[in-house]
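Topology and contacts: notes
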Amino acid sequence: MSGEVWVYSESEQVSGEVATAAQEVAKGASAEVRIVDIGSVRQGIRGPGGRLLLKGPVGPDVTPAVAAEALARAAKDSHPIAVLLGATRSGREAASRLAAKLGVGCMAEVARLASDGRGMTGERNVFAGKVVAKTRCEFPAVATVKTGAYPRAEAQPGETQEKDVGPVSDQSKVVGREKKAADAVDLRSAKVIVSAGRGVKKKEDLSMLEDLAATMHGALGCSRPLSADLGWLPEEHHIGLTGVTVKPDLYLAVGISGQLQHVAGIKDSKIVASINTDKEAPIFQASDYGIVGDLYQVVPALRRALSARR
Ligand SMILES: Cc1cc2nc3c(=O)[nH]c(=O)nc-3n(C[C@H](O)[C@H](O)[C@H](O)COP(=O)(O)OP(=O)(O)OC[C@H]3O[C@@H](n4cnc5c(N)ncnc54)[C@H](O)[C@@H]3O)c2cc1C
C-alpha cells in the first residue's frame, strides 16, 4: 500500500518529533510524509515532505474537536494511510475523536513505529515501564506518538497543497489563555536534573536544591507529591509516569524513594545518582551511584565541593 502519512501537532517541537516517526512508517509503506496545518500555515512547524493546509475552520483556536473534525473531513477525501499526532493533551483528545470519526484503529502514545506496508506497529510502555506492549493497526490508522521519543526532523522544502474542509466550529469556547511563567522549566531537554522528593521537609528548603541545580547548570524536577499534593512546584516539574519523561546526562534524585511510577520517567537517563537516608530505598536499585545520607548535609556539601572546583 502506498499513499501518505499525515503529521499533525499543535506544538512546534512535537510536530518535528512526530514527523521523524512518520518517516519510519512511510519508509515501510513506500508512502510520503505530509505535514498538516489547520487554518493557517505555521512556519515554525517542521518536518520533511510536503504540506497540506486545511482551510475552513473558523476562529483562531484549533481545539482538539476542531482538529479532529477538519482532519476527518480531509482524510475521508484524500485517504492517507495513517495520521500521526503528538501524544500531548490536545493530541490525545484529537486522535481519539479522529479515529472514532473515521472508524479506524488508534494506537496510543507509541514509540518505535514501523510498517510492513499493510499496517503499522508501535511500542508502548505499560505497567510503569515494566512491560513493553507491542500494538498493531491495519491501515488506515491513527496513532499518537510519545513525546520525546524521537529527535526533531529537519524542515525540508516541499509543495503546499490546500484543501477546503468547510467551516468547522466547536461547541466549547476558549475563554482565555494565560502564558506560562517565563521561567517555566523544560526538563525534556535538560542535561542535568536535580530532583526533589518528600525527603525535603519544607517548601523553603527547595532553594537549596535549586542552588545545587544552578551550580551544575541543571534544572529542578520533583516527584509527584511535591507538585500534585503539596503544590510546592508547578506541574511541569513533576517527573514520572503521570508527569514528564526525561533523559538527561545526569539525574540526581534527592529524598525520592524511587517508586516505579517515578522511575518510569527517568529510565532513559544516562546516569542516575541518588541521595537518601534509607539504604533500602528502591531508588538505589535504579541508580548508578548512591549516597546514603541526610540531604540536608549532603546537598550543601556537594554544592560547596562543586563550587570549589570552578
Ligand atoms: C497512578 C499513579 C501515578 C503516579 N505517578 C507518579 C509520577 O508520575 N511521578 C511520581 O514521582 N510519583 C507518582 N506517583 C506516586 C508514587 O507512587 C510515589 O508515591 C511518589 O513517587 C513518592 O514520592 P517521593 O519519593 O518523593 O516520596 P516518598 O515515597 O515519601 O519518599 C521520600 C524519601 O525520602 C527519603 N528521605 C526522608 N528524609 C530524608 C533526608 N533528610 N535526606 C534524604 N532522604 C530522605 C525517605 O527515605 C524516602 O525514601 C503515582 C502514583 C499513582 C498511584
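In short, a report on the structure. (Residues numbered from 1 in each chain as written. Predicted model: local features only at pLDDT ≥ 70, side-chain atom pairs only at ≥ 80, totals over all residues.)

Turning our eyes to something else, we now look at the environment of P140. Looking at the secondary structure, you find P140 in the loop between β7 (131–138) and β8 (141–145). Owing to 19 C-beta atoms within 10 Å, P140 belongs among the partly exposed residues under this scheme. Spatially, the C-alpha atoms of P140 and R224 are 38 Å apart, while their sequence positions differ by 84 residues. Discounting chain neighbours no more than four positions away, the residues touching P140 are H79, P80, I81, A82, L102 and V104. (Helix = DSSP H or I, 4+ residues; strand = E, 2+ residues; numbered from the N terminus. Buried ≥ 20, exposed ≤ 12 C-beta atoms within 10 Å, placed from the backbone. Contact = placed C-beta atoms within 7 Å.)

All right, on to the sheet that holds strand β12 (residues 250–254) then. With parallel pairing, the five strands of this open sheet are ordered in space as β11-β10-β12-β13-β14. Because the sheet does not close on itself, it has two edges, and the strands there are β11 (219–222) and β14 (289–292). Taking the axes of each pair of neighbouring strands and ignoring which way they run, one obtains an average angle of 20° across the sheet. The sheet contacts of helix α4 (residues 206–215) involve β10 (192–196), β11 and β12, and relative to β10 the element is tilted by about 170°. (Pairing = 2+ DSSP bridges. Axes fitted to C-alpha atoms, helices over the stretch in contact; angles between N-to-C directions.)

Quick look at the site of the ligand now. For the ligand, the set of nearby residues contains 27 residues, the closest of which are G197, R198, G199, G240 and S257. Sorting the residues of the shell around the ligand by element identifies α5 (224–229), α6 (260–263), β13 (271–276) and α7 (295–309) as the ones contributing at least two each. Its residues assigned to classes, the shell around the ligand shows eight nonpolar, 15 polar and four charged. (Near = placed C-beta within 6 Å. Nonpolar A, V, L, I, M, F, W, Y, C, P; charged D, E, K, R; others polar.)

The next subject is the nonpolar core. Ranked by size, the top nonpolar core spans 52 residues in total, and within it L71 and L84 carry the most contacts. Ignoring any residue separated from it by four or fewer positions in sequence, one finds L71 in contact with Y8, V36, V83 and L98. (Core = buried A, V, L, I, M, F, W, Y, C linked by C-beta atoms within 7 Å.)

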